[in-house]
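Residue-level structure breakdown
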Amino acid sequence: DAGITQSPRHKVTETGTPVTLRCHQTENHRYMYWYRQDPGHGLRLIHYSYGVKDTDKGEVSDGYSVSRSKTEDFLLTLESATSSQTSVYFCAISAFDSTYEQYFGPGTRLTVT
Amino acid sequence: GNSVTQMEGPVTLSEEAFLTINCTYTATGYPSLFWYVQYPGEGLQLLLKATKADDKGSNKGFEATYRKETTSFHLEKGSVQVSDSAVYFCALKGSGGSYIPTFGRGTSLIVHP
């Protein structure tokens with residue numbers, strides 16, 4: 001199994017508070033991704049990174065920011081959490097090769113009250 | 001742009017039944033194709049992949065053949081087990097320099113004893 005951990009695994013927070021989710025990998029893979037998964041919407045890409053300090057927006061990036069200061073860590077910040085950001089968040093990694101198959105973390109269940 | 005269409009679920013089967021989950025795609029060039037599986041409470045795991053036309057990916061009794069003429073990558077298993085109950089995602093990685101995959105919405109499979 002690919003070495004990907006996410007923390008925290010569960011979090012309950014209040015509307016308006018900032019929240020940071022962490023993804024940590026031990027595979028030294030170049031690419032990292034943040035997705036959210038909601039019923040009826042499948043997986044939606046929030047942000048991704050193609051190297052240290054190199055990040056870009058996905059399809060649902062509003063209200064989220066990311067940072068990658070080291071190869072192994074990719075942080076997702078909800079600047080001011082809203083109830084619409086209640087979701088399960090998955091981190092994924094992929095290597096620089098021809099197929100870019102992804103390996104996913106176990107997920108973080110975030111509830112914004 | 002690229003897109004992946006999967007059959008809507010849930011698919012409900014009895015143990016030992018034959019499984020087919022349909023997946024068709026739209027993409028230019030020669031994408032790589034994937035099936036991922038998500039067991040309850042977990043992240044997605046790569047189940048199988050195919051990188052060129054007529055390739056057959058296989059794993060754990062599941063198979064899928066890359067059919068360029070019909071732009072399809074249907075998932076099959078000859079005899080399902082209760083432990084196969086999960087959500088299955090079809091995905092593609094476009095040809096060229098793209099490292100952002102496109103996922104289908106997922107198909108839930110429920111297998112009864």
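Heads up: the structure comes first, above all this text.
These remarks concern the structure in this document. Note that residues are indexed from 1 along each chain, following the sequence as it is written. Whichever chain is written first is A, and whichever ligand is written first is 1; the rest continue in order. Selection of residues for local features in this predicted model requires a pLDDT of at least 70, selection of side-chain atom pairs for listing and counting requires 80 or more, and totals for whole chains, interfaces and linings are taken over all residues. The side-chain values count all of the structure's non-hydrogen atoms but skip hydrogen atoms and water molecules.

Once that is clear, we can look at the overall build of chain A. A helix here means a DSSP run of H or I that spans at least four residues, while a strand means a run of E at least two residues long, and both kinds are numbered starting from the N terminus. For chain A, the helix and strand inventory stands at 0 helices and 11 strands. From first element to last, N terminus to C terminus, chain A shows the α and β order β-β-β-β-β-β-β-β-β-β-β. Radius of gyration: C-alpha atoms only; globule rule: 2.2 Å multiplied by the number of residues to the exponent 0.38. Against the 2.2 N^0.38 benchmark of 13 Å for 113 residues, chain A shows a C-alpha radius of gyration of 13 Å, consistent with a compact globule. If one aligns the C-alpha atoms of chain A with their principal axes, the spans along those axes are about 40 × 30 × 25 Å. The cut-offs for exposure are 20% and 50% of the maximum accessible area for each residue type, with area from a 1.4 Å probe on protein chains only; residues under the lower value are buried, those over the upper are exposed, and the others partly exposed. Looking at chain A as a whole, 50% of its 113 residues qualify as buried. Once local pairs closer than 6 in sequence are excluded, the contacts in chain A between residues at least 24 apart make up 54%. Surface exposure here means Shrake-Rupley accessible area, sampled with a 1.4 Å probe, where a residue is shielded only by the protein chains that are shown. Here chain A has roughly 5300 Å² of accessible surface; of this, 47% comes from carbon and sulfur atoms. Charged-residue counts in this description rest on Lys and Arg as positive and Asp and Glu as negative, His and the chain ends being excluded. In this description, the location of a charge corresponds to atom NZ of lysine, CZ of arginine, CG of aspartate or CD of glutamate. Computed over 11 positive and 13 negative side-chain charges, the inter-centroid distance for chain A is 5 Å. The criterion used for residue contact is that any of the two residues' heavy atoms lie within 4.5 Å.

Taken together, the 21 residues of chain A in the interface contact 19 residues of chain B. Throughout, buried area stands for the accessible area (probe radius 1.4 Å) lost by two parts on being put together, summed over both. Buried area between chain A and chain B, summed over both chains or domains, comes out near 1600 Å², and the portion from carbon and sulfur atoms is 60%. A carboxyl oxygen of Asp or Glu within 4 Å of a side-chain nitrogen of Lys or Arg is what we treat as a salt bridge. Linking chain A with chain B are 1 salt bridge. Close ionic contact of Lys49 of chain B with Glu101 of chain A constitutes a salt bridge, the shortest N to O distance being 2.3 Å.

What follows deals with unusual backbone geometry. Each neighbour pair has its own omega, and for Ser7 of chain A with Pro8 of chain A the value is -10°, a cis peptide bond. Among the structural elements, Pro8 of chain A can be located in the loop between strand 1 (4-7) and strand 2 (10-13). The amide bond that connects Gly9 of chain B to the next residue, Pro10 of chain B, takes the cis arrangement and shows omega of 0°. One non-glycine residue, Asp54 of chain B, lies in the positive phi region at around 75°. Structurally, the position occupied by Asp54 of chain B is in the loop between strand 6 (44-50) and strand 7 (56-59). When its relative accessible area of 54% is taken as the criterion, Asp54 of chain B is described as exposed.

Once that is clear, we can look at the state of the cysteines. As used here, a disulfide is simply a covalent bond connecting the sulfur atoms of two cysteines. Residues and elements named next belong to chain A. Two cysteine sulfur atoms make up a disulfide if the distance between them is within 2.5 Å. Applying the stated rule across the entire model yields 2 disulfides over all chains. Each sulfur in the disulfide pair Cys23 and Cys91 lies 1.9 Å from the other. Taking the torsion about the sulfur-sulfur bond, which here is approximately -70°, the covalent link between Cys23 and Cys91 counts as left-handed. In this pair, Cys23 sits in strand 3 (residues 19-25) while Cys91 sits in strand 9 (residues 87-94), placing the two residues 68 residues apart along the sequence. Relative accessible area serves as the criterion here: at 0%, Cys91 is assigned to the buried category.

Turning to the packing of aromatic side chains, a few remarks are in order. The pairing test for Phe, Tyr and Trp rings, Trp by its six-membered ring, is centres within 6.5 Å, and the orientation test on the planes gives stacked under 30 degrees, edge-to-face over 60, and tilted for anything in between. A full pass over the atoms with the stated rule returns 13 aromatic pairs over all chains. Considering the side-chain rings of Tyr48 of chain A and Tyr99 of chain B, the 5.9 Å spacing of their centres and the 75° angle between planes classify their relative orientation as edge-to-face. You can see Tyr48 of chain A sitting in strand 5 (residues 42-51) and its partner Tyr99 of chain B sitting in the loop between strand 10 (86-93) and strand 11 (102-103), one on each of two chains. We classify Tyr99 of chain B as buried; its relative accessible area is 16%.

One number sums up the size of the largest pocket: a volume of about 800 Å³. What lines the largest pocket is a set of 39 residues, among which Gln37, Asp38 and Pro39 of chain A together with Gln38 and Val87 of chain B lie closest to the centre. Elements with a contribution of two residues or more to the lining of the largest pocket: strand 4 (31-38), strand 9 and strand 11 (108-112) of chain A together with strand 1 (3-6), strand 10 and strand 12 (107-112) of chain B. When residues in the lining of the largest pocket are grouped by element, the largest group, 4 residues, is from strand 11 of chain A. Here the term charged refers only to Asp, Glu, Lys and Arg, the term nonpolar to Ala, Val, Leu, Ile, Met, Phe, Trp, Tyr, Cys and Pro, and the term polar to all other amino acids, Gly among them. Classifying every residue of the lining of the largest pocket by side-chain character gives 14 nonpolar, 19 polar and 6 charged. Points on a 1 Å grid, built from protein atoms alone, make a cavity when a 1.4 Å probe fits but cannot get out and make a pocket when they are open with protein on both sides within 12 Å along at least 5 of 7 lines; residues with an atom within 4 Å of a point are the lining residues. Grid points are joined across faces, edges and corners, and a volume is the space filled by probe spheres set on the points.

So, on to the environment of Arg44 of chain A. All names here are of chain A. Checked against the element boundaries, Arg44 lands in strand 5. Sequence separation between Arg44 and Gly107 is 63 residues, and the spatial gap between their C-alpha atoms is 14 Å. Beyond its immediate sequence surroundings of up to four residues, Arg44 is in contact with Trp34, Tyr35, Arg36, Asp38, Glu59 and Val60. Reaching out from Arg44, the side chain makes a polar contact with the side chain of Asp38 at a distance of 2.9 Å. N or O atoms closer than or at 3.5 Å make up a polar contact, with two conditions inside protein: a donor-capable atom paired with an acceptor-capable one, and, for residues adjacent in sequence, both atoms drawn from side chains.

A few words now on the side chain of Gln25 of chain A. Within the element layout of this structure, Gln25 of chain A appears in strand 3. Of note is the side chain of Gln25 of chain A, whose polar atom sits 2.7 Å from the backbone oxygen of His29 of chain A.

For soluble globular proteins, the rule of thumb is that nonpolar side chains tend to be buried together. Leu19, Trp35, Leu47, Leu48, Phe73, Leu75 and Tyr88 of chain B are the most contacted members of the largest nonpolar core, which has 26 residues in total. The greatest single-element share of this core, amounting to 4 residues, is contributed by strand 10 of chain B. When sequence neighbours within four positions are dropped, the list of residues in contact with Leu75 of chain B reads Leu19, Thr20, Ile21, Trp35, Leu47, Leu48, Phe62, Glu63, Ala64 and Tyr88 of chain B. The nonpolar core is taken to be a set of buried Ala, Val, Leu, Ile, Met, Phe, Trp, Tyr and Cys residues, with the residues joined through side-chain atoms within 4.5 Å. Judged by nonpolar contacts, the second largest core, of 19 residues, contains Cys23, Ile46, Tyr89 and Val112 of chain A.

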